[in-house]
Amino acid sequence: MSEPFTLYKLIILYMLDKVDFPLTNAQISGFILDKGYTTYFKLQQALSELAESGFIREEATHSRTFYHLTEEGEETIHFFRNKISDAIQKDIDGFLKEKHYELKNEVSVKSDYFPASGMEFTVRCQVIENNQPLIDLTLTVPSEAEAETISNNWSKKNQEIYALIMQNLL
């Protein structure tokens, strides 16, 4: 394994170690590609190898992939943190500090759908806060198209729906 490729993996582990929530593929890619550290394909290979090695855990939905740092990944980054230059660490720390609320908010809203019995689909919509569901709504709909629409709309309308539910139940 080449030295730069190892660095890409360490950058990913470092990013995940610095936050208390998972990061999406898009969030990690956005930072690394914007900084010009590597290409999209090398980054995807690094993510894949980290997952295969058990250093990160993937959580895939229809629209996004979330990455969680595993215990093995945490041990590895603590041991090899000094292999990442101070300048790169500073870039990552600055990015995470500047975008912390935006990144956390983006991953706290989750939705996915999957086939249920017969021709129906189950849609699961969540808002996670401090690793606990603030709301966890499961719906059964008659078609995949409806499931996809609900899943996509959840990210836009979850606050409004949560407020409406609370207003009607309290």
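Check the entry above for the structure.
All of these numbers come straight from a predicted model, not from anything done at the bench. (Residues numbered from 1 in each chain as written. Predicted model: local features only at pLDDT ≥ 70, side-chain atom pairs only at ≥ 80, totals over all residues. Heavy atoms only, no water.)

Draft legend 1. Geometry of the pattern of salt bridges. One pass over the full model with this rule turns up six salt bridges. Across the pair Asp 20 and Lys 104 runs a salt bridge whose closest N-O atoms are separated by 3.7 Å. With Asp 20 in the loop between helix 1 (3–17) and strand 1 (23–24) and Lys 104 in helix 5 (residues 86–108), this pair connects stretches of sequence that are 84 residues apart. (Salt bridge = Lys/Arg side-chain N within 4 Å of Asp/Glu carboxyl O. Helix = DSSP H or I, 4+ residues; strand = E, 2+ residues; numbered from the N terminus.)

Draft legend 2. Up close: the packing of aromatic side chains. The final tally for this structure, using the stated rule, is six aromatic pairs. Relative to Phe 80, the ring of Phe 79 lies with its centre 4.8 Å away and its plane at 90°, an arrangement referred to as edge-to-face. The exposed category is assigned to Phe 79, whose relative accessible area is 62%. Here Phe 80 falls in the partly exposed class, since its relative accessible area comes to 34%. (Phe/Tyr/Trp six-rings, centres within 6.5 Å; stacked < 30°, edge-to-face > 60°. Buried < 20%, exposed > 50% of the residue type's maximum accessible area, 1.4 Å probe, protein only.)

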